[in-house]
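Each chain, letter by letter, is given below.
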Amino acid sequence: MTKFMLNGQEVTSIAKANERLLDVLRNEFRITGVKCGCKEGECGACSVILDGRLVNSCMAAMGSIEGSSVITIEGYRETERFAVLDKAYASVSAVQCGFCIPGMILASECILVKNPDPTEADIRDGISGNLCRCTGYNAIVKAIGIAAKEGEGLW
Amino acid sequence: MVNSYQATSLKEALDFRAKAAVTPYAGGTDLMIKADENVTYLFLNKVPEMKNIVEDTDYIRIGAACTFTDILESKLTPAILKEAVSHIAAPAIRNLGTVGGNICNGSPKADSALIFLATDSKLRLVSSRGERVIPINEFYLGRKKTALQADELLVEILMSRVGLSNYYYKKVGARNALAIARVSFAAILHLENGKIVNCMTAFGAVSDDIIRRADIDGMLIGKTIEEAKVVKEDYLAAYDREIVPIRGRISAEYRKTVCMNLLRDFLESNGI
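Summary of the structure given here. Given the structure is predicted, the values throughout are model-derived calculations rather than measurements. Each chain has its residues counted from 1, following the order in which its sequence is written. To label them, take the chains in the order written and letter them from A, then take the ligands in the order written and number them from 1. Where local features are concerned, this predicted model is filtered to residues with pLDDT of at least 70; where side-chain atom pairs are given and counted, the filter is 80 or more; whole-chain, interface and lining totals use all residues. Side-chain numbers come from the whole structure's heavy atoms, not from hydrogens or water.

Residue and element names in this part refer to chain B. Secondary structure elements follow DSSP: runs of H or I no shorter than four residues count as helices, runs of E no shorter than two count as strands, and numbering proceeds from the N terminus. Its location among the elements puts Asp217 in helix α7 (residues 214-217). Side-chain atoms alone can form a polar contact between residues adjacent in sequence; in general such a contact is a pair of N or O atoms within 3.5 Å, and within protein one must be able to donate a hydrogen while the other accepts it. In terms of polar contacts, Asp217 uses its side chain to reach the side chain of Arg212, at 2.8 Å. Not counting residues up to four positions away in its chain, the partners in contact with Asp217 are Cys199, Met200, Thr201, Arg212, Tyr235 and Tyr239. What makes two residues a contact is simply this: any of their non-hydrogen atoms within 4.5 Å.

This next bit is on the interface of chain A and chain B. Between chain A and chain B, the residue contacts involve 28 residues of the former and 31 residues of the latter. Values labelled buried area give the accessible surface lost by two parts on being combined, using a 1.4 Å probe and summing over both. Around 2,200 Å² of area is buried between chain A and chain B when both sides are counted, 52% of it from carbon and sulfur atoms. It is Asn18, Arg53 and Met59 of chain A in chain A that bury the most area against chain B; as a group they hold 28% of the surface buried on that side. Whenever a carboxyl oxygen of Asp or Glu lies within 4 Å of a side-chain nitrogen of Lys or Arg, that contact is scored as a salt bridge. Our enumeration of links across chain A and chain B arrives at 3 salt bridges. One salt bridge connects Glu73 of chain B with Arg53 of chain A, and the closest N-O pair in it is separated by 3.1 Å. Across the contact surface, chain A and chain B share 13 residue pairs in polar contact (both at pLDDT 80 or more). Among the elements of the structure, β4 (53-56) and α5 (120-126) of chain A are those that each provide at least two residues to the side of chain A that touches chain B.

To form a nonpolar core, buried Ala, Val, Leu, Ile, Met, Phe, Trp, Tyr and Cys residues must be joined to one another through side-chain atoms within 4.5 Å. A 1.4 Å probe rolled over the protein chains alone gives each residue an accessible area, and that area as a share of the maximum for its type sets the label: buried under 20%, exposed over 50%, partly exposed in between. Among the nonpolar cores identified, the biggest contains 87 residues, and Val70 of chain A together with Ile62, Ile103, Ile115, Phe116 and Leu123 of chain B are the most heavily contacted of them. Sequence-distant contacts of Val70 of chain A, that is, excluding residues within four places in its chain, are made with Phe4, Met5, Leu6, Asn7, Leu21, Leu25, Val48, Ile49, Leu50 and Ile65 of chain A. In this structure, Leu54, Tyr76, Cys110 and Ala147 of chain A belong to the second largest nonpolar core, which totals 32 residues.

The next thing to look at is the state of the cysteines. Any pair of cysteine sulfurs within 2.5 Å is marked as a disulfide. If you walk through the whole model with that rule in mind, you get 0 disulfides over all chains. Cysteine Cys100 of chain A shares no disulfide, and the gap to the nearest cysteine sulfur, in Cys132 of chain A, comes to 3.9 Å. Cys100 of chain A sits in the buried class, given a relative accessible area of 10%. The structure places no disulfide on Cys259 of chain B, whose sulfur is separated from the nearest cysteine sulfur, that of Cys199 of chain B, by 15 Å. Of the residues examined, Cys259 of chain B reaches a relative accessible area of 0% and is grouped as buried.

Spelled out as structure tokens, the structure:
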């Protein structure tokens with residue numbers, strides 16, 4: 001049994017302590033915005049925000065998140081910041097198949113929290129653990145830059 | 001059935017460690033790649049005594065459960081460690097992965113362990129029986145084998161506060177982010193009044209263990225740069241004999257050539 005905050009709500013998981021957060025989110029809580037790509041921390045599709053920091057949910061055992069806060073795209077999409085990122089991504093067609101995008105959006109949030117006015121290098125480092133096989137990244141990098149400008153004061 | 005222990009203090013962690021067969025879990029980024037359903041983890045990620053970075057008169061003391069992000073954000077972190085850690089994986093992995101896990105996983109490719117070897121850092125190993133502080137080069141006993149006893153935990157890494165500023169570091173990987181080192185090399189050349197008072201080098205990802213040969217580096221200690229030039233070729237020849245790379249995804253010949261090129265570049269960048 002693991003108690004933690006999931007998108008602002010206190011929840012209790014019945015999963016074993018050595019199960020992956022990724023599997024529990026998808027199978028027990030039906031939080032399917034968290035995607036399973038590689039299960040080895042390489043692709044970032046399963047990214048969530050754990051206690052304010054971006055992590056791969058495939059790399060976190062349930063026992064390590066007791067008492068922690070987990071934000072997934074399902075929770076994040078209710079925020080004003082999401083609306084700014086959503087618009088920015090759409091404005092430059094930064095989404096193609098969409099599989100990487102939940103993780104990519106949460107990575108974008110973490111880049112902007114750390115630095116509301118990031119350089120291109122900061123942005124590229126911030127999404128360096130999030131693979132996208134469609135876009136070639138340039139549109140995503142551009143979108144995060146646009147969000148930084150349009151969302152002035154939000155981050 | 002108990003399948004995990006969650007420690008909230010070091011004492012609690014050591015008690016669990018002493019009474020049960022557990023796998024210490026700090027960040028999980030190595031362990032979870034091959035998640036084992038039958039394993040019993042001892043979770044250390046919320047043990048406060050293992051999460052601090054502090055300094056005393058001699059050392060910077062880094063808690064073994066500090067994440068790579070904690071290392072990057074601390075003002076106390078020596079530049080050589082900061083640079084190496086900034087090249088580890090990607091932000092999401094750096095937010096979970098820890099230095100203690102990197103060391104205890106026992107891989108010769110461990111990016112932060114290389115730096116602790118190259119700086120002759122010490123490890124504070126604690127059990128409910130007591131504690132010992134050992135040089136990190138006594139910790140590694142061969143491929144995936146360490147000196148950690150079944151009831152011990154690595155609690156802190158002790159880095160020298162002085163003499164580490166003139167460093168050389170290169171990680172050769174196939175890409176920028178999420179790269180596993182093909183060869184990595186770290187070195188310190190500490191000069192005082194024109195004399196080499198310390199020379200420390202370490203080669204990672206080459207052999208079963210990270211290679212740290214204080215006996216060979218000793219050839220340069222006590223010499224001026226000019227005197228070091230005289231023994232340069234003997235020094236390089238000694239390493240050329242002693243580095244015997246293992247073949248992995250890439251050839252042993254490639255690894256050897258890169259090692260020797262980096263070693264030479266380290267010397268030449270210091271005027272030797």
